[in-house]
Amino acid sequence: MAGEDGAAPEAAQSPADPSPGGGGGYDGKCVFCRIGRREEPGTALLPCESEGLVCFRDIRPGAPHHYLVVPIEHMGNCKTLKKEHIPLVEKMMEAGKNILQRNNFTDLNDIRMGFHWPPFCSISHLHLHVLAPASQLGFLSRMIYRINSYWFITAEQLIERLQTENTAS
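Residues numbered from 1 in each chain as written. Predicted model: local features only at pLDDT ≥ 70, side-chain atom pairs only at ≥ 80, totals over all residues. Heavy atoms only, no water.

K.L.:
Which residues make up the overall build of the chain, and what values go with them?
P.N.:
In terms of regular secondary structure, the chain is built from 4 helices and 6 strands. Counting across all 169 residues of the chain, residues that qualify as buried make up 51%. Considering only contacts within the chain whose residues lie at least 6 apart along the sequence, 66% involve residues at least 24 apart. In the structure as shown, the chain presents an accessible area of about 8500 Å², 53% of it carried by carbon and sulfur atoms. (Helix = DSSP H or I, 4+ residues; strand = E, 2+ residues; numbered from the N terminus. Buried < 20%, exposed > 50% of the residue type's maximum accessible area, 1.4 Å probe, protein only. Contact = heavy atoms within 4.5 Å. Areas by Shrake-Rupley, 256 points an atom, 1.4 Å probe, with all protein chains shown as cover.)

Next up, the structure:
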């Protein structure tokens, strides 16, 4: 939601991304695909030590530190993920913590990391919001990145959901 206003909303799956989990592709219409391939010169990439991921500042920050961690390869939104994607989500979380520490934010107990739950995301390319300090979120940001809401799910909640959905089936 925040950080994606510069691009038009996209369908859950684009023609360039026919697979249900979406992965391994490139969609030239997707702004995050273009950022990942360094085709958007206006977006400065931050040092991201995780292969296959890029990190950059959100264009509409909801906190003093607000970064997005995005897979370079096009992948659908968080609702399309399966159990086999848990390591990717964990890798994204680790990259988010690393970018906070590189930017001198060390209180990892005062962060919020998560995803907008469809249909409440304007870009359907998987991206993790990393916000800190969570205690300094403004009123609107507290609503947009609200825990236990219909529109935002923490990374931990997503992992739990992926584990339980797959064991129940």
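K.L.:
An account of helix α2 (residues 86-102) is requested, with residue identities and associated values reported.
P.N.:
Structural remark: α-helix, 3.6 residues per turn; residues separated by three or four positions point the same way. When the terminal C-alpha atoms of α2 are compared, their 24 Å separation across 17 residues agrees well with the 24 Å that a helix rising 1.5 Å per residue should span. Looking at α2, one finds that the buried residues are Ile86, Leu88, Val89, Met92, Met93, Ala95, Gly96, Ile99 and Leu100. Taken from the residues just after α2, Asn104 is the one with a positive phi, measuring 65°. (Expected span 1.5 Å × (residues − 1).)

K.L.:
So, the nonpolar core: which residues are in play, and what are the values?
P.N.:
The biggest cluster of nonpolar side chains holds 30 residues, and the ones touching the most others in it are Phe115, Leu128 and Leu158. Listing elements by their share of this core, those giving two or more residues are β2 (53-57), β3 (65-71), α2, β4 (112-116), β5 (128-132) and α4 (155-168). Considering each element in turn, this core owes the most residues, 8 residues, to α2. One finds Ile35, Val54, Phe56 and Ile123 within the second-largest nonpolar core, a separate group that totals 11 residues. (Core = buried A, V, L, I, M, F, W, Y, C linked by side-chain atoms within 4.5 Å.)

K.L.:
With reference to specific residues and values, describe the environment of Pro61.
P.N.:
Looking at where Pro61 falls in the secondary structure, it is placed in the loop between β2 and β3. The exposure class of Pro61 is exposed, given its relative accessible area of 55%. In this structure the C-alpha to C-alpha distance between Pro61 and Leu137, which are 76 residues apart in sequence, comes to 9.7 Å.

K.L.:
Give me a nonpolar patch on the surface: which residues, what numbers.
P.N.:
A cluster of nonpolar side chains, namely Phe139, Leu140 and Met143, defines an oily patch on the protein surface of about 330 Å² accessible area. Take Met143: its relative accessible area is 33%, and that puts it in the partly exposed class. (Patch = residues over 30% accessible without salt bridge, like charges linked within 9 Å, V, L, I, M, F, W, Y side chains within 5 Å. Salt bridge = Lys/Arg side-chain N within 4 Å of Asp/Glu carboxyl O.)

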